[in-house]
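# A closer look at the structure
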Amino acid sequence: MRVLVFLLFLGLGLGDNFLLGRPRESCESACGLHGRACMEYIGAPPQQSFARGCEGPGPFVVIENKCHTMRNTTCSMSPEEGSRICKCGDDITNQYFFGTGLSSGHVNKAETPMFSHAVADGNIGVMTHFWSTAPNGVEAGVTIRYYVDGEKTASVAFTPSMASGVGFNDNQAPRGTKWLGIGAGNGHGQAWWNNYRIPFKKNITVTTQKMSGTSGGFFMIVRGKMIPAPPTFFKLHLVHYQQSEVPPLQWVPAVSLSSSSLKAMGAAGGYIFQHTLAVASGNENFLEGCYHAYTPYTAPFPGIVLSTGTEDYYDSGWYFNAGEFMLPVSGFTHRKMSKNLVTWSAYRFHEMDPLRFGASGIRYEWRNGDEVDPKTGIKCLTESGGRVVGSPTKSNVTAYTWVYLCESTDESKCGGAYPWDW
């Protein structure tokens, strides 16, 4: 994302500040990044400060250093190209809650800043709610990104359905929990939402981007709150794993954080909060795969056995013979079967059984199918040379794992606080 150019004009009152937004950014977002409310305006800003030709009533968008008038626009409207000239007003950094609603917007291949906000010193902000809807199928190709405190690469980037614990854009509705769900769909336009806590220390920017083409009729709501700064800050990272044709019995490293990588990130540990897995395979035998956690990072196999099969991890059994469900801790959200293809997804939260790790790091892995010890018949404890259970095939695997990292050099300061409760 390009750096925002912010211009304040001496001699003008606080309510008369103009700025040039980022490409395709709404004025609500441009002003919000600097902790200011957006103001509708009539009348040109100082012409020499932005571009040539800023004449007339405005508002304006700058394209190739030339001003063009935008008609019938509002603070929340994003230009399809160029950068808007925005007028910013009152300080909003002390608002207890904040957010926006985008109505009848568009999404396209160009990443577009939709919302930004900054908080006052001595506090932090926490994004608390996301919701979006669009015509059927559009959101499957849309990526939402949260840029925390000016980072260049978004620490949180998701498609709405996978963030809601649902793979393959399965739009059965309504269903959900306090954390995630889908409120509309069933073959029509979908409405996905989640309530993940995404903390930030100074500012946040939320963007949209579509894989290809342009689609209208996109609606989005984001909301957050301000709280006093806690003694220790936790930053949320969404770890995205995606791999085609994962061989049978291969390990899928959903999270891999060594002690050196944690140190480089300024972290002394953290928590695995939520995990969603989506698999396309030739049959259901991938469900024999066990979950393992290794902490410290260098711990030998088998580490901590988190499940004795895939469905066991999601609090079910017998290949989910009771059907799909969405419950507070876990959910089985999609299964479609044909002769040579099974698509499947599920989620699990570790809110009630926290998976905390320290500065020594963690590996959190799932296996594509599994094997048993031929002597004992016990599964999950044989790394190689065992009897393969069933006939697992190559699988296409997507995993989302939401991880809170404790930003401290002292591991002892990372316990006792659950950032998902902020």
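Structure: see above.
Residues numbered from 1 in each chain as written. Predicted model: local features only at pLDDT ≥ 70, side-chain atom pairs only at ≥ 80, totals over all residues. Heavy atoms only, no water.

## Structural notes on the overall build of the chain
- In terms of helices and strands, the chain carries four helices and 29 strands.
- In terms of C-alpha radius of gyration, the chain reaches 24 Å, essentially the compact-globule figure of 22 Å for 422 residues.
- If one aligns the C-alpha atoms of the chain with their principal axes, the spans along those axes are about 85 × 50 × 35 Å.
- For the chain, the residues scored as buried account for 56% of the 422 residues in total.
- Taking contacts inside the chain between residues at least 6 apart in sequence as the whole, the part at least 24 apart equals 72%.
- Accessible area of the chain: about 17900 Å², with a carbon and sulfur share of 52%.
- Positive and negative side-chain charges in the chain, numbering 34 and 34 respectively, have mean positions lying 3 Å apart. (Helix = DSSP H or I, 4+ residues; strand = E, 2+ residues; numbered from the N terminus. Rg over C-alpha atoms; globule rule 2.2 N^0.38 Å. Buried < 20%, exposed > 50% of the residue type's maximum accessible area, 1.4 Å probe, protein only. Contact = heavy atoms within 4.5 Å. Areas by Shrake-Rupley, 256 points an atom, 1.4 Å probe, with all protein chains shown as cover. Lys, Arg positive; Asp, Glu negative; His and termini not counted. Charge placed at Lys NZ, Arg CZ, Asp CG, Glu CD.)

## Points about the nonpolar core
- Ranked by internal contacts, the top residues of the largest apolar core, which has 50 residues, are Met127, Ile144, Tyr146, Phe158, Met220 and Trp402.
- With residues near it in sequence (within four places) discarded, Phe158 still touches Phe130, Val142, Thr143, Ile144, Tyr146, Ala163, Asn194, Leu238, Tyr400 and Trp402.
- With 31 residues, the next largest nonpolar core counts Val246, Phe325, Val342 and Ala399 among its residues. (Core = buried A, V, L, I, M, F, W, Y, C linked by side-chain atoms within 4.5 Å.)

## With respect to the pairing of strand 1 (residues 17-20)
- Because side chains alternate across strand 1, one face comprises the buried residues Asn17 and Leu19, and the other comprises Phe18 and Leu20, equally buried.
- Sheet topology places strand 1 next to strand 5 (residues 83-91); four bridges connect them, and they run antiparallel. Each bridged residue has a counterpart across the sheet, and for Leu20 the counterpart in strand 5 is Ile85. (Pairing = 2+ DSSP bridges.)

## Quick word on the sheet that holds strand 18 (residues 251-258)
- Strand order across the open sheet formed by four strands is 18-26-20-21, with antiparallel pairing between neighbours. Only two strands of the sheet have a single neighbouring strand rather than two, namely strand 18 and strand 21 (304-305).
- Bridge count between strand 20 (residues 291-294) and strand 21: two bridges; the pairing is antiparallel. In the sheet register, His292 faces strand 21, and the bridge partner there is Val305.

## Here we look at the pairing of strand 15 (residues 203-210)
- Among the eight residues that make up strand 15, seven are buried, leaving the element largely enclosed by the rest of the structure.
- Summarising the sheet, strand 7 (residues 112-118) and strand 15 pair through six bridges and their orientation is antiparallel. Paired with Pro113 across the two strands is Thr207, which belongs to strand 15.
- Where strand 9 (residues 142-148) meets strand 15, seven bridges bridge the pair, whose relative direction is antiparallel. Across the sheet, Thr143 pairs through a bridge with Gln209, a residue of strand 15.

## Considering the packing of aromatic side chains
- What the rule picks out here adds up to 30 aromatic pairs.
- Here the aromatic rings of Phe273 and Phe349 are separated by 5.4 Å at their centres, their planes lie at 70°, and the arrangement is edge-to-face. Linking Phe273 in strand 19 (residues 270-281) with Phe349 in strand 24 (residues 342-349), this pair joins segments that are 76 residues apart in sequence.
- In this structure, Lys201 packs its charged tip against the face of Phe233, placed 5.2 Å from the ring centre.
- Arg348 extends its terminal NZ or CZ atom over the ring of Tyr313, reaching a point 5.6 Å from the ring centre. (Phe/Tyr/Trp six-rings, centres within 6.5 Å; stacked < 30°, edge-to-face > 60°. Lys NZ or Arg CZ within 6 Å of the ring centre and 35° of its normal.)

## Quick word on unusual backbone geometry
- For the bond from Thr295 to Pro296, the omega torsion is 10°, close enough to zero to count as cis.
- Along the chain, Pro296 falls in the loop between strand 20 and strand 21.
- Between Phe301 and Pro302 the backbone carries a cis peptide bond, its omega angle lying at 10°.
- Tracing the backbone through its elements, the reader meets Pro302 in the loop between strand 20 and strand 21.
- Backbone geometry places Phe168, a non-glycine residue, at a positive phi of 60°.
- Note that Phe168 resides in the loop between helix 2 (160-163) and strand 11 (175-176).
- The class for Phe168 is partly exposed, based on a relative accessible area of 40%.
- Phi at Phe320 is positive, roughly 60°, even though this residue is not glycine.
- Checked against the element boundaries, Phe320 lands in the loop between helix 4 (310-313) and strand 22 (325-326).
- With relative accessibility at 0%, the residue Phe320 sits in the buried group.

Just distances and angles here, no functional claims.
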